[in-house]
Amino acid sequence: MDNTAQGLEAQIQNLEKKIEAAHLPPELLEKAKGMIDILKISLRQAGNYSNLESVANYLNVISQIPFENETKDNLDLNIAKQTLDKNHYGLAEVKNRILEYLASLILNLKNGQKSNRAPIMCLVGLVGTGKTTLAYSIAQSMGRNFERIPLGGMGDVRDLRGQSRLFADAEPGQIIKKMIHTKSKNCVILLDELDRVTEAARADIMGALVELLDPEQNQAFTDHYVDYPTDLSEVLFIATVNNTTNIATAVLDRLELIQMPSYSDEEKLMIGKNYLLPKISVQSGLPQSILKIDDSVWPVIIRPLGYDSGIRSLERTIEGICRKVARLIVEGKIQQNGIITLTSQNVSQFLPH
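Residues numbered from 1 in each chain as written. Predicted model: local features only at pLDDT ≥ 70, side-chain atom pairs only at ≥ 80, totals over all residues. Heavy atoms only, no water.

**Quick notes on the pattern of salt bridges**
Any two side chains of opposite charge can pair, on the condition that their charged atoms come close.
Inference 1: In total, this model carries 20 salt bridges according to the counting rule given.
Inference 2: Across the pair Lys177 and Glu171 runs a salt bridge whose closest N-O atoms are separated by 3.4 Å.
Inference 3: The partly exposed category is assigned to Lys177, whose relative accessible area is 30%.
Inference 4: Given a relative accessible area of 43%, Glu171 falls into the partly exposed group.
Inference 5: A salt bridge links Lys273 to Asp295; its shortest N-O distance comes to 2.8 Å. In this pair, Lys273 sits in helix α11 (residues 265-283) while Asp295 sits in the loop between β8 (291-293) and α12 (298-302), placing the two residues 22 residues apart along the sequence. (Salt bridge = Lys/Arg side-chain N within 4 Å of Asp/Glu carboxyl O. Buried < 20%, exposed > 50% of the residue type's maximum accessible area, 1.4 Å probe, protein only. Helix = DSSP H or I, 4+ residues; strand = E, 2+ residues; numbered from the N terminus.)

Listed below in C-alpha cells is the structure:
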C-alpha cells in the first residue's frame, strides 16, 4: 500500500472513531457505518476515493450535532428576575410577561416535561428597543447557550434547512449550524427579524418556520443536508419582529406576541447613565471614572438628531464620545489618571457629526 493509500486509510479510521464516539441515534449510526464501509471497499478494490471529502464533511457534521448533550437548566425564577433587572432598565410589563412565560416553562421542566409546548415568545417593537438583548438575557437567566439567526434579508429557505448533498456546495442550514455551535440540544435560538425575509422567499421560509415552531412537528425537523430527523423540542426559540404585517397567519398562530414599548427621555437618561456609559467606557478601554458628563448635557446626547423610539442612536452617540476621549488619551492630551468632564460649553467637540 502506497503512502497516499495509507494516509486515506488512516483518515477513514479517524472518521470511524469519531462516529463511534459521537453517540448518534442508532439509525444514523448505521447509515454512517455503511458510508464508511463503502469508502473502504472503494479504496481497496478500485483505489477510488473521489467522494471521500464529501463523505468526510458529512460525517464530521453529524458527529457534532448534540443529539444527547444538554446544559443544566437554572430553574430559579428569582435569578431570572434579577438578570432581567440587571441588564434592562424599566420594561416592567415586558419583564412580567417574560417571567410568567418562564414560570410555566420551569414548572414543566420540574415535572419532567422537557419539550416546550407553549407558543413561541415573540418580541415586537421598533429598532433599538432592546429585543435582541432581552432574548440574550433570557438565555443567560436560564443558564442556556445562546445563538442568533438573522432572518433580515434571507432569500432562500435552504439557508434555514440546508441543501441536499447531491449538490457540490451543499452544507447544513442555520438551525443545525447553530445547534452544533451551542453544543446543546436545549439551547436558546433567536429568530431575529422574522418580518424582514425577502418577498420572493417569504412563502417557503414561513413554511419552514411553521415546522420549526410547531411542537407537533419540530420533534422531527429534517435538515436536507443531514437527511435525518433532529429533535428540536427542547430548543427554546424566541422570535423578534418590527411589526407583524408580513408574518404568515400560520406562523402568527404559533407566536405569543409581547409588545416592546418606546423609551421615554427619562428612561433613556437612566439607561445612558447607569447601563450604557459604564459598559461602553470599558469596551473603549477608558480608565474607570475618567469621563464625567454633566446633567445639563444629557438631553443633547439623548436626542442628537431628534426623537428616536429605541436606544441605538443613544448607544452610538456614547460610543462616539468614548472614542474621542480615547484618542485624546493616546495622543497624550489627557492623563490616564485625569478626569474629563463634558459640559454645555465643550460637548459639541465630542458629539459625533
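**Some thoughts on the environment of Asn218**
Inference 1: Note that Asn218 resides in the loop between α9 (202-213) and β4 (221-222).
Inference 2: When the C-alpha positions of Asn218 and Glu234 are compared, they lie 9.4 Å apart, and in sequence the two are 16 residues distant.
Inference 3: Apart from residues no more than four positions distant in its own chain, Asn218 is found in contact with Glu211, Leu212, Leu213, Thr230, Asp231, Leu232, Ser233 and Phe237. (Contact = heavy atoms within 4.5 Å.)

**A closer look at the packing of aromatic side chains**
Inference 1: Tallied over the entire structure, the rule returns 4 aromatic pairs.
Inference 2: With 6.4 Å between their ring centres and 85° between their planes, Phe67 and Tyr228 make a pair best called edge-to-face. Of this pair, Phe67 sits in the loop between α3 (52-64) and α4 (77-87) while Tyr228 sits in the loop between β4 and β5 (229-230), and the two are 161 residues apart along the sequence. Accessibility assignment for this pair places Phe67 and Tyr228 in one class, buried.
Inference 3: Summarising the aromatic geometry, the rings of Tyr136 and Phe146 are spaced 5.5 Å apart at their centres and angled 85° between planes, so their arrangement reads as edge-to-face. Linking Tyr136 in helix α6 (residues 131-142) with Phe146 in strand β2 (residues 146-150), this pair joins segments that are 10 residues apart in sequence.
Inference 4: Residue class for Tyr136 comes out partly exposed when judged on its relative accessible area of 44%.
Inference 5: Residue classification places Phe146 among the partly exposed positions, given a relative accessible area of 22%. (Phe/Tyr/Trp six-rings, centres within 6.5 Å; stacked < 30°, edge-to-face > 60°.)

**Examining the nonpolar core**
Inference 1: If you look at the biggest cluster of nonpolar residues, it comprises 50 residues, and the most contacted ones within it are Ile98, Leu134, Leu236, Leu291, Ile293, Ile301 and Ile318.
Inference 2: Residue contacts for Leu236: discarding those within four places in its chain leaves Tyr101, Leu105, Asn116, Ile138, Met142, Arg144, Cys187, Val188 and Ile189.
Inference 3: Membership of the second largest hydrophobic core comes to 32 residues, among which are Met179, Cys187, Leu191 and Leu209. (Core = buried A, V, L, I, M, F, W, Y, C linked by side-chain atoms within 4.5 Å.)

**Details of unusual backbone geometry**
Inference 1: Although it is not a glycine, Leu91 adopts a positive phi angle of roughly 55°.
Inference 2: You can see Leu91 is positioned in the loop between α4 and α5 (92-110).
Inference 3: The exposure class of Leu91 is buried, given its relative accessible area of 7%.
Inference 4: The backbone of Ser289 sits at a positive phi, close to 65°, despite the residue not being glycine.
Inference 5: With respect to the element layout, Ser289 can be found in the loop between α11 and β8.

**Some details on the packing of α11 against helix α13 (residues 312-330)**
Inference 1: Relative orientation of the contacting elements α11 and α13 amounts to 45°, with a least axis distance of 10 Å. Taken together, the axes of α11 and α13 lie oblique to each other. Crossing geometry of α11 relative to α13 is assigned as right-handed. Facing α11, whose interface residues are Lys268, Gly272, Leu276, Leu277, Lys279, Ile280 and Ser281, α13 presents Leu314, Glu315, Ile318, Glu319 and Cys322.
Inference 2: By residue class, the composition of the contact of α11 with α13 is 6 nonpolar, 2 polar and 4 charged. (Axes fitted to C-alpha atoms, helices over the stretch in contact; angles between N-to-C directions. Parallel < 35°, antiparallel > 145°, perpendicular 65-115°, else oblique. Left-handed = near helix turned anticlockwise from the far one by under 90°. Nonpolar A, V, L, I, M, F, W, Y, C, P; charged D, E, K, R; others polar.)

**Let's talk about the sheet that holds strand β1 (residues 120-124)**
Inference 1: The strand order β2-β3-β6-β1-β7 describes an open sheet built from 5 strands, whose pairing is parallel. Sheet topology places β2 and β7 (255-259) at the edges, where each strand pairs with a single neighbour. If you compare each strand with its neighbour and ignore which way they point, the axes differ by 25° on average. (Pairing = 2+ DSSP bridges.)

**Quick look at the packing of α4 against α5**
Inference 1: Their axes nearest at 10 Å, the elements α4 and α5 cross at an angle of 155°. The pairing of α4 with α5 is recorded here as roughly antiparallel in orientation. α5 is crossed by α4, and the crossing has right-handed handedness. On the side of α4, the interface is formed by Leu77, Ala80, Lys81, Leu84 and Asp85, while α5 contributes Lys95, Ile98, Leu99, Leu102, Ala103 and Ile106.

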